[in-house]
Every structure is written in C-alpha cells, then in structure tokens.
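Read off the chains here:
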Amino acid sequence: MTTPLSAQSFVRLLKAPTDPPNPESPPKIQIACAAWDDATIHIPNKHELIAEFILTRLLKDKSKTSDNPVIDARYWSLLRKVLDGSVGAGARGLKVWLGSLLNRTPLAPIIISILTLLGDLPVTEAKELLALVRPCFFVLWPLSVHKIGVETLLECLGAVLNVSAELVNDEILGGICEAIVSSYREALGNAGNKKKLPAIFLQNYLSSWIHAISPSSHLSPQLNKVVYAAGTETLFSLDALRASSSSESLFTALSLPNPPSTINPAIPLLPRLFSTHTHFLRRYRTSLFPTSQNKIQNRENDMRMTSMAFFASCLKLLAGNNLSWEARVGLISIIESERIYASQGVGEVEVVKVREDAVRVLEEEAEEEVVRLALDVLAALARVDYDVIEPVVGRVLPRLILTHPSPSIQKSANVLLSLLLDFHSKTRTLHAYIHALFDACTSLPSIRSLVSPQKFYGRGRTSAILGHTHLSSLTQALRTFLTPTQVKEAAQITQTLKNTFNTYQNLSSLIQTNELEDRSRKKRRKSEPAPPSASPAPPQAMREVDAHALSLSLTLKFAALFLSNLPGSFVTADVRKAVFEAGVWAIDAARSLLCDMTSKISWANQMTGAALLRFAYHLPAWRCGGEQGDMRGLLSVAKMEGAEGELVLEILRFLFAWSSRSETDLEVETVLDVALAYIEAQVENTDGLMILYLIVERWLDLVDAQGSKPSLDRLIKLIFSISPISTRCADVQGLQPKDVLWGVLHNAQFWEMGNIRTSVLAYLTPSPNSLKGSALDQLSSTCCLLLYVPPEYLTKQARVELVRRALEGDVTISSLLHATTGEGAAKSKRKRDEGRDLEDMRQTLMHIRVFLQRMGKLGYLNTSDHESARDYVKHLMGMEVSDNTALREATINLAEFYIVALLRASDKDTSASAACISIFRSLAQSGFLDEESVPQLCVLQLVERLRQDFSVSSLPDSIIVSIKELHAALTPVSHPNIIDTLPASRIIKAWVRHLSFGHWLGVAAISTSGYSQQIAVAFLRNREKCESSAEILGLLFEELRCLPNVDRGMHLDLAVGVFVFSTEAGDIKSLDEVVSSGCKHLSVDDFSHLLDTVYEALESTRFPPAQCVRLVHAAAVLLRDAPQGTLKVVQGFFSQCLNLFIGHVQFCAGPVDLKLACLEFVARQCSDRPAALRPVDLGPIHVLLSKILCGSPIHDSTTTPAVFHTSTTILNALVRLRRDLVVHILPHLGMVLRQLVSCTRSLRPQLAAKQSRIVTDTLPSWIAPSEALGVPEARALARLFTSLTTKSVPRAHMQPNAEQKAESLSKPFAKHAAYVVTAHIDAVNDPLCVMRADVRRELEPGLFSLCQIMGTHSRDAVMVSALDAGGKSVMKALWKEYEKQRYIGKG
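Computed from a predicted structure; not experimentally measured. (Residues numbered from 1 in each chain as written. Predicted model: local features only at pLDDT ≥ 70, side-chain atom pairs only at ≥ 80, totals over all residues. Heavy atoms only, no water.)

A. Fine view of the overall build of the chain. In terms of regular secondary structure, the chain is built from 66 helices and two strands. Of all 1387 residues assigned to the chain, the portion counted as buried reaches 50%. Across the chain, contacts joining residues at least 24 apart in sequence account for 77% of those joining residues at least 6 apart. Here the chain has roughly 65,200 Å² of accessible surface; of this, 51% comes from carbon and sulfur atoms. (Helix = DSSP H or I, 4+ residues; strand = E, 2+ residues; numbered from the N terminus. Buried < 20%, exposed > 50% of the residue type's maximum accessible area, 1.4 Å probe, protein only. Contact = heavy atoms within 4.5 Å. Areas by Shrake-Rupley, 256 points an atom, 1.4 Å probe, with all protein chains shown as cover.)

Below, the structure is given as structure tokens:
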C-alpha cells in the first residue's frame, strides 16, 4: 500500500467478497496486520474492525481443506495483538464491544475446528500455534461461554476427547481443554432439560470418552478426572436415571463388537462406573424413589434393586471373558463398601453367579493371575456376607491345598482364610471350621485331577492353608474362642482319625496282597514258556493309596494342631484321657506301619508314618512308657537307604523327645550319632539342613548335657563349616544354610553351654604346625567366624593364641600378596585364577585385621612390646590396599590403635617414645604420602584423635618434633593448587585435616585464604553438579578457626550460601553436623554476623520458597548450637524472626513446607532453650499459630498432620516450661486452642458444593477436605489439654536464691477453659461436620482435664448462656462421662 488507507477503504478491503480484494493487492490478513502496526493510520474502532474480520474469517472458512485460517498463525497472532492493545483504546471497554461481537459470531465452532485440525499439524507447529491461541482463548471464552448452548458445549467436549495424544500433555492445550470441560459441566448443571444429552453422548462420544478415561489414557490426571466427571454427570443425570432404559442403552453401546483378540476397553472402567452410578443414586434418592410415611426401608430396597440391576448388566458384559476378573473384584468391593447387598434380598442371583464362576476357576486350575483374582472375589464376597460363600467353603478349601503356591496366590488365599477364621471366631463356631478343614483333607482322594499325589503333597505342605500365617492365627483362635462344649468333642476327632487310618491300612493291605499273588503266579519252571508280564500293582491303585496317604497326613496335622491347642481351663479329665490315648495309638500305629515291614517301605507308608510321629510329638503321648526294641526299630528305619527326608526328620525329632525322658533306655548319644551321620551324608541337601536346624533350635541343651565330646566336635564342625555369606537356592520353606549359622551365633544359650563351648574353642584354636596349605584355609574360615563370636566367651589363653595366629597370618598373607602382585604377566586363565586367589586372600586379610581391631578395642591386644608394635605399624603402612575399601579401613583403624597406644605410653616409657618417633619419621621419609594412599589416610585420621585426646604439652618434645616433620612432609601433598573446577571431596577433606593438624601443632599455616572462597563460589555457580557441599562448608569453618588472615565476613556469607543452596537432600544431616561443630568455635561477632546474614536473606523477597525453607532451617540450627555468651544475640534474632513470620504473607499463607519450617523453628527454640524466651515473644508466637490455623478458601491436595503436631508441641513446651510467661496471655492461648479443636472436624459425606464450602472455608489451607485429621492428632491435642493441669517449674534465668514452686495453669485458665469446651461442643453439634468416634475417644482425657479446670460454676454459666438444645445435650453427656471417671477420694 503506497498511499495511506482511509477508514472507508479499509473497511471495503476487509469486507470484499474475495481474498485478496484485488488481483494486485495483498491478502486481507496482510492488510489488517499493516493497518494495525501502522500507528499513523487513524481508523475509528480499528481494533473492533480487525477483531470482527478475524473472527468472521475463522468462522466462515473453518472447513476449508487448504489455507485454513484456523491453523494460520498470522490470524491468531494479530488477534492476540488486538486483544492486548485494545485495553484503554476507544470509549468502550473490552467486554462491551467484544461481547456484542461474540453475540454475532459464535466462538464454539472455531474452537471445535482448531481442536480437530491440530492433529494434522506437526507437533512443533501445533505447539507454536497453541502458544498464540491460548491468550486469545482465555479472553474470548469467558465472554462467550454463557451464550453457548449445552449441546454445542457437548460438541466441544467431543472435540476435547479426540485431541491428539501427542499434544494433550502440553500444558497450554491442557488448560484450554480443562476450561472447556468445566464450562460444559457448569452448563449441564444449570440446564433445565437434559433428556436429549445422554442419547447424544451415547451415540456420538461414548467410544472416545471410554478411551480418554481408560487407565492407558493420554490425558493428564487432572484432565482425566474432569472429563470423567463430565461424562458421568451426563450419563447419570437425574433425567437419565429416571428413564428406565438409560442403563440398557449404556450397556448396549458398551457391548458393541470389538476387534478380535482385543479386550473391551470399557471392562476396566466398570467398577469406577458402578461406584459413580451408586453415588448418583444416593444423591437423587428422594427424587428417584419417592416414599410415603414410615416406608423409608422401601426406598433403600429400591436403591439396592437399581444398583444390582446395574451390577447384573456389568456381569453380562463380563460374561465369557477370562481377562475381566480384576473388574469383578472391583465390582464386588463396591457392593461391600456401599452396602448394596442385602441377605435374602435383591441381587442374590447375581452374587451367586459370581461365586460359582470363581469356584469354577479354582476347580479348573486356571492361570496363576486368574486364580489370584478369583480368590480376591471370594474374599470380597466373604466381606459382603459370609452366608454367600458358606455353601462353597467345602469346595474351596481342598483347592487351596492343591493350588500351585506363588507369592500372589498365597497373599490372596491368606486374606480369604483370615476372613473365614474371623467369622467363625466371632460366632464361636470354630468346631465347624475345624470339621471343614478335616472334610477338605478327606475329600482329596475323590478329586479326579489328583493324578500325582506325591507331587501334590509338596504343594499341600507349602499351601496357604498349611502356611505359618494361617496356622498361627488358627492356633490363637483355638486357645481363645473354643467353648467348653466344643472342647468335649475332641474325643470324637480321635475316633475319626482311627477310622481314616483303618481305611487307609485296609486299602494298602489289599494292594500288597494282590502283589503277593502276582509274585506267586510268576514262579515257573525254566522249561515253561514265560507268561505275559504283569505289573506289581495297577498304577491307579497305587495312586489311590498315595492319595489316601496324602489325605491322612494332612488330617493328622490339623488334628495335632487342634488337640494340642485346647484351652486348658476347659479340658476335662475325659478329654485329657482321650487325647493321651490318641497319642499312644499314633505311636503304636507308626511302629506297626514302619517297623513291621519286611520289604521296602512305600512312599505312602513313609508319609503316613511321618504324620503319625508328628501327631504323637505334639501330644503328651511320648512321655508314656514303651519297649526299647521298638524305638531302635525306628532308628533302623531312619538309617535305611531310600528313606524320605521328612520321615527321617520326624523319627529323629520324636526319638530326641523320647530319649529326653528320665526313665528311657534310649540314649541321646545313639540318636545324635544317627542324626550326625545323616547330616554328613546329606550335607548338600535340604533334608540334612533341616535336621541340623532341628538340633540347633530345639535339642541343643539336651545334646550339650548328654552328648559325648566326639559327637559335639562333629556337630560344631558341621555348623561352622557353613560360610556366613553362603547362599543356596531357597527351598519351599525358605531355609538357607546361613540361617542355621546365624541362629547359633546369635543364641545366647549356645554360648552359655559349657561342653559345647569347649568344642567351639577346640575348633577355633587347632594346633597346626605352620600356616600353609589347608592351615591357611582354616585360618581364613576361623577369622571370618571370629567376627561373629562374642570375645567375652573366649578364654584368656584362647584370645592370646588367636591374636598370635592372626598376626602371623597377617604377615604371611601380606607377603604372599606382595609376591603375587610383583610377578609378571601370565596367561588369561591363570590371571583369572590368580585374581580369585588374590581376592580371597584380601578378604581373609580384612577379616584378620577387623578381628585384631575389635580385640584391641576390648583391650585384648598386647601393646606393651613397643618394638613389635612399631614393626607391625610399619608393616601395615607398607602395603597398598587402595582397591579394597573394607581392608583399607580396617588397616587404618588398626594402625591408629597401635599409634595411639604408643602415644599414651610415651610419657612413661622411653621405648614407646622411640617407637613413635621411628613411625612418624619413617612416614615422613617414605614418600608414600600420595593421594588416597594408606599412610596419608592414616595420618589424616590420626589428626582427629590427636585433637580430641592429646595436647601438644602432654607429649614429649622429641615426639612433637617428629610430628612436625610429618606435617611438613604432608604439606606439599595436601596443599591445594589454584583450581578452575571443583575438586573432589577427598581433596577438600585432606586440606581440612591438614589445617586442623597445623593448628593443633601451632605451626603457621600457608596463606590460602582464597582457596575455600574459590571453591564456595564455584559451588554456588554449579551447585547442581556438586556433591561435596558438606566438605566445602567444613572447609569454610575450618579456615575461620585456623587461619588468622581470612576475610571473616566473606567466609560467613559464603557459608550461609553453601548451606542454603545445597540441593542434595541426603546432605542435610551432614550439613547440620558441620554447622553445629563449626559454630562452637565462633566469636560473638562472627555468630552475630551469621544471624544477620540469614535474617537479611529471609527479609528479602528474592528467594523462592524452597530456599526460604532452607534459610529457616539454618536459623534453627544456628540457634540450637549457639556459642557461649550469645544469649542477647539469640533473643534478638528470635524476636526479629517472629515479627518477620507474622508480617509477611508467604510465611503464613505460602507453601506448607515453609509453614512447617517456621513452626519447627519456633518449636525447637521453645523446647530446647525455653529460658531464652522473653515476654515479648509470646504474643508473636500465638499470632503465628493463629494465622497458620485460620480458615482458608484454598486447600492443599493432601493433609499435612506435621503442622498440627508441631503446633501442639509449641504450646505444650510453653505450658510446661514457661508457665510464668503464658499466664499473662491466657486469652491468646484459649483462642489458639479453640482453633486446634476446630481442626479436628471432618466434612460430612455427600454434601452439596455450597454446604461443603461453608465448612472448608473454616479449615486451614494445609488440611485437605478429603483427608481429615485422625487419631494421632486427637491424642496430641488431648495431651496438650492434660498438660494444663500438670504442675511444673518454669525454666527461666533467675537469681540463685530465688525459690521456684511447681504449679499448674488450672486456676489461671479456669475462666477460659469453658470456651475451649464449647468449641468442641460446636464441632460435635455442627450438622455439616462429623467427628469420628475414635477421635472423640482419644480427646476424652483432655476434655476431662478441661472439665476439671472449669468447674461446675462455669459449666452452669455456659449451659445457660452459650449453648442451644443440642449443645446442652452434648455437654451433659460429656459431664456425665467426666463424673464417672473423676476421683472422689474413696479408695
């Protein structure tokens, strides 16, 4: 455009029917951009004309396939400029002209178009376009949304559902989508007629909505939540729920055919939809289910019928789908939580169908995950109503025995069994549960799938029903809940066992008879032809015998559990006799079954015999008499080749118990010899390990008392041959070899047994001639064990011998290591073998030196031979072990121990002094003080011991001279160079120790005052990449202490910066320790400077909340470890911080972390230094608490109980420790207590939005309305109320002769206690709030203390003036409970 545009020509160009208006003119958008950018062109209402042009163009051309202006960034960029530049332009405001424009030009089609077309653009271009659309949208949408119909907004919602997955996580687009969905929900709530909306939603948008809210959705959690709410509010609106066909239409749409081999995406959402449907039914219950007088129960039944109809529809959708069991679990859980199911009422058919499907899954042995979910369904049904699953318990329990064990199935099965056991315990019908377990065991042979009973026997032993969790709970229940009548039925159980055993024995005898007949028919002459081969016994018959053996074994286990845990107070003489006879019968049956066999004992007989012996062991039958030959026959069975490990275990356990009797002829030594022989033969198997575990855990005292010394030596050798770090693939019971060893080493009784201790010492101190070959291996295992042996139980002679051998072994292994590492290169295989040998030797050397270090700490090392000590220290320092951290640490600690011992003896013995001088000079002249070398690390660690335990004047001058030589030799190594990057933490530590070393010696340090400053500045510039903030802070404090010429102010400021800007969360504790130790050496001026720096940083508004939290924490640490003489400084700083906290909004109304940091700062001062508090501090403290506890319209997403606990801690400390100050501000205390009581309220469920807002506006911002405070907070508040009546002595700075009398706040607070009690009554009596019963119960002790304080006069005054009828009833109930527990002086 060469000539200036007039207003008329500009309008004509924009409204021309073609674009561009003329063939030679530019496009309209360029004309509009040029006119807007050219400030010299005066066009009235230019912004209105351009905005109308853009919106009209976007609306008309929204469907164009090419050059669509909706996705043209020029239009949105110009629209953004117009909207931003129109503020204050012209006479009319933005809302006036833009509102009238939007009335003529609908915005919704434009928004729908842009959301639809964004998916066609590349992701980068789409995000750039969104950055321009967003500001325009948030100006236009609020002005036009109230004119958009709800059906059009539903179309906008459909566009949101179809947004590209790559863009929806974009923050800009997410904000736009949330605004659209929120507008639709608001319009839906205000719409008068919603009958068409559910049908439109189901027809057009249901599929997109299902995919958008699915667990694999691409929507953000917040957007997912609002989209789900929008859909459910449409589907389950009052009009939709009134239509009886609404649910049918929903499930018809959900059940549309899906692509093959894909699960219906709606199935995972069914529990969520079911819960929401039930919620809407309860919300609209009065409109949906109108009821006449006295027929409220009919309304509940109608609600349940409607919910169960929805549930039935869900089941139809799930039918025939094995992948839907997780949804079934969720549906049943909702029925339980919402209390939908009613016994013998609606929904019984559907629930029974789910139950039968779950049982069928167990019986068909489906996949592991499906079985787990089926068990979860049964557990949920049991929680709904036990009567639902009671008919199928007899079918479920056998399947729990045979189900393949896995951690997930075990967990679900334990939950189900716990529910069954809880029900029978509460109803006192445990005998029925025991009979159900017996029936489950006896029904196992009838199960057709039991093809291999031997295989299923292993499953049964490790199943959940026979697991430790279930059996221990059953044991406790039997001892607690069995009734006397049920105890008398024990005799009937013994008869049942005998009948079951006779059935098994008859079946086994029949098969044996058939085998004998077959063998007799096989005998023939050699001349006769061979008959057809016949098997010894049909496989089906043997499986039947094995199945009966499995059944009998498990039955005996439950019977033993039942009979051995009968309540002693209910056991009569007849029951005791019957139990005793059952045990005798079991012993005789085991003898006849095992000892009378003439051939090889079958697997079934072995398992049955083991079960009988286990049954007899748990009963007192083994205390009866018996023949010796029978017991020795059991020993013969145990020694038989091919005996099962379980049978051997039960035989040995029974015989150990049998031989422990005083009148037995079977010696313990005989049984122990058989057990040890079996363990030695099965040392690599679990069977031998189980028997070793049995001896160690149960019969160790018997073995110690009656076992021979050779047997004890064999036992100790077997135990100690296990490596402490050995691992083995865990068997089904999870027993590891090292578990046996750890159990012995941690058993105090083991070390108190004299005979066993003698064998242990003999094993640990053998008498080898040299330390080569096997003796070296023996030393390695011995030193490893010595780390776990209590040194106090070693005799003096043994300690001396072990220390001597350890020292010799140290020298020998060190020489071997030196010789091995000094050899040349070898072949690769040889290198690998040598590497393993080297690692083993280093590990042994580490064990030796750790053992010597421990013996030294206990005073068992001989340091009187100063020359030997000197030589050993030089030996330790001469070996490089930098690649093994544990060995290096043990070496340094051991060398430090010897050097310190020599230093302690140097003032009395010249030889010790000479040894020290020799060690220090050899270290200084060796040249081994390299970085990370053992000598350097030892010297640096020795510095700390010298500072703590010695002074320069306490050591001889000759030693000081040698130490100074060592310091001079160490200086070039530790001295830092000028750095460009941050050094490693070990270099900083070395320089810190070197500075400390020189300061202790009194040697003038080299001027390196800028070193720590350079490091600190580099850290503050690149703090994200540094992990040595604690070391840098320590260096700053150490230079302040040791160097006289540093810039102290700069150092202190940098120290605060390093502390505050440390980003590593794990460094907080170490930083606190550094500050605590560094502050002790600061002067009053330096400490005051530190506090001033922290306060200035807090007072400025430049730091974000995260750094403010660190600053407040730094202030708390500084006040906690303030140096002496800084009381006035501390008091002034504390008062300044209090005034700062209550004067700046960010501390009281900012993030919850900052609030909590401020409260912890105050709590630490009130608890740790109460004497430093002044009267002027109490007012700000209560103001701070009141502001943090006051109501807020905005709340966090989660509750932070720590704020409440810290507040009660502050008040508790003030009441107990500074009563003299609190007594002057009792009204403030009463107001804060009322606020604390108000915080214990919780929102009544299912309130409307306005009702909820009434309550939530009175809650603090750190309490989420959905997460109310609980029992711990109520207990803390009650403890605070109780402390008001507790007598205490104030902690204040007083004159030495001043008398201090213990008093409480009962009398001063009597006038204010009534207002705190009324706050509790108002909270209980609030119709919009609810106070849980457990919270009220925990508050009772504190409320009783307040009742005691206020007295009857204040109570009567409150009843008359401050309470309504409901409040009076609550007060009467509270006072009645108080009178019940009040002590009145009688007894």
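There is more to say, and it comes next.
B. The pattern of salt bridges, seen in detail. Counted by the stated rule, this structure contains 38 salt bridges. Two residues, K353 and D357, come together in a salt bridge whose shortest N-O distance is 3.6 Å. Pair noted here: K353 and D357 are both in helix α18 (residues 348-363), with a separation of four residues, about one helical turn. What makes K353 partly exposed here is its relative accessible area of 43%. (Salt bridge = Lys/Arg side-chain N within 4 Å of Asp/Glu carboxyl O.)

C. Focus on the packing of helix α65 (residues 1333-1361) against helix α66 (residues 1365-1381). Orientation of α65 relative to α66, taken along the N-to-C sense of each, is 130°, at an axis distance of 11 Å. For the element pair α65 / α66, the angle class is oblique. Note that α65 runs across α66; the crossing there is left-handed. Across the interface between the two elements, L1343, F1344, C1347, Q1348, M1350, G1351, T1352, R1355, V1358 and M1359 of α65 pack against K1368, M1371, K1372, L1374, W1375, E1377, Y1378 and Q1381 of α66. Among the residues making up the contact of α65 with α66, the classes are represented as ten nonpolar, four polar and four charged. (Axes fitted to C-alpha atoms, helices over the stretch in contact; angles between N-to-C directions. Parallel < 35°, antiparallel > 145°, perpendicular 65-115°, else oblique. Left-handed = near helix turned anticlockwise from the far one by under 90°. Nonpolar A, V, L, I, M, F, W, Y, C, P; charged D, E, K, R; others polar.)

D. Seen up close, a negative patch on the surface. A contiguous patch of negative charge on the surface is contributed by D1047, D1053, D1092, E1096 and E1099. Broken down by element, the negative patch gets its largest block of residues, three residues, from helix α53 (residues 1084-1099). With respect to the element layout, D1092 can be found in helix α53. Here D1092 falls in the partly exposed class, since its relative accessible area comes to 37%. (Patch = residues over 30% accessible without salt bridge, like charges linked within 9 Å, V, L, I, M, F, W, Y side chains within 5 Å. Lys, Arg positive; Asp, Glu negative; His and termini not counted. Charge placed at Lys NZ, Arg CZ, Asp CG, Glu CD.)

E. Structural context of unusual backbone geometry. Within the chain, R339 stands out as a residue other than glycine whose phi angle is a positive 55°. When its relative accessible area of 66% is taken as the criterion, R339 is described as exposed.

F. Representation of the side chain of R653. In this structure, R653 sits in helix α32 (residues 645-659). Relative accessible area serves as the criterion here: at 16%, R653 is assigned to the buried category. Polar side-chain contacts of R653 include one of 2.8 Å to the side chain of E650. Filtering out sequence-adjacent residues up to four positions away, R653 remains in contact with R614, Y617, H618, L694 and W699. (Polar contact = N/O pair within 3.5 Å; in protein donor to acceptor, adjacent residues only side chain to side chain.)

G. Geometry of the packing of helix α44 (residues 885-905) against helix α46 (residues 934-949). Packing of α44 against α46 brings their axes to within 9 Å, and their N-to-C directions diverge by 45°. Judged on the interaxial angle alone, α46 and α44 are oblique. Here the hand of the crossing between α44 and α46 comes out right-handed. Along the contact surface, α44 presents R888, T891, I892, N893, A895, E896, I899, V900, L903 and R904, while α46 presents V934, L937, C938, Q941, L942, R945, L946 and D949. Partitioning the contact of α44 with α46 into residue classes produces ten nonpolar, three polar and five charged.

H. Main features of the side chain of T608. For T608, the position within the fold is in helix α30 (residues 603-618). Given a relative accessible area of 0%, T608 falls into the buried group. Other than its neighbours up to four places away in sequence, T608 contacts F501, Y504, A549, L552 and L593.

I. Summary view of the confidence of the model for the chain. When pLDDT is averaged across the chain, the result is 81; 86% of the residues are at 70 or more. For residues 824-833, every residue scores under 50 in pLDDT, and the model assigns this stretch three contacts once sequence neighbours within four places are set aside. (pLDDT = per-residue confidence, 0-100.)

J. Representation of the packing of aromatic side chains within the structure. Inspection of every chain in the model, using the stated rule, returns 26 aromatic pairs. An angle of 50° between the planes, with centres 6.5 Å apart, marks the rings of F201 and Y205 as tilted. Linking F201 with Y205, this pair stays in helix α10 (residues 196-213), spanning four residues, or about one helical turn. Exposure class is identical for F201 and Y205. Each is buried. An aromatic cluster is present here, built from F236, F251, F274, F280, Y284, F310 and F311 joined pairwise through their rings. When the ring centre of Y228 is taken as origin, the NZ or CZ atom of R272, which lies over that ring, is 3.8 Å away. (Phe/Tyr/Trp six-rings, centres within 6.5 Å; stacked < 30°, edge-to-face > 60°. Lys NZ or Arg CZ within 6 Å of the ring centre and 35° of its normal.)

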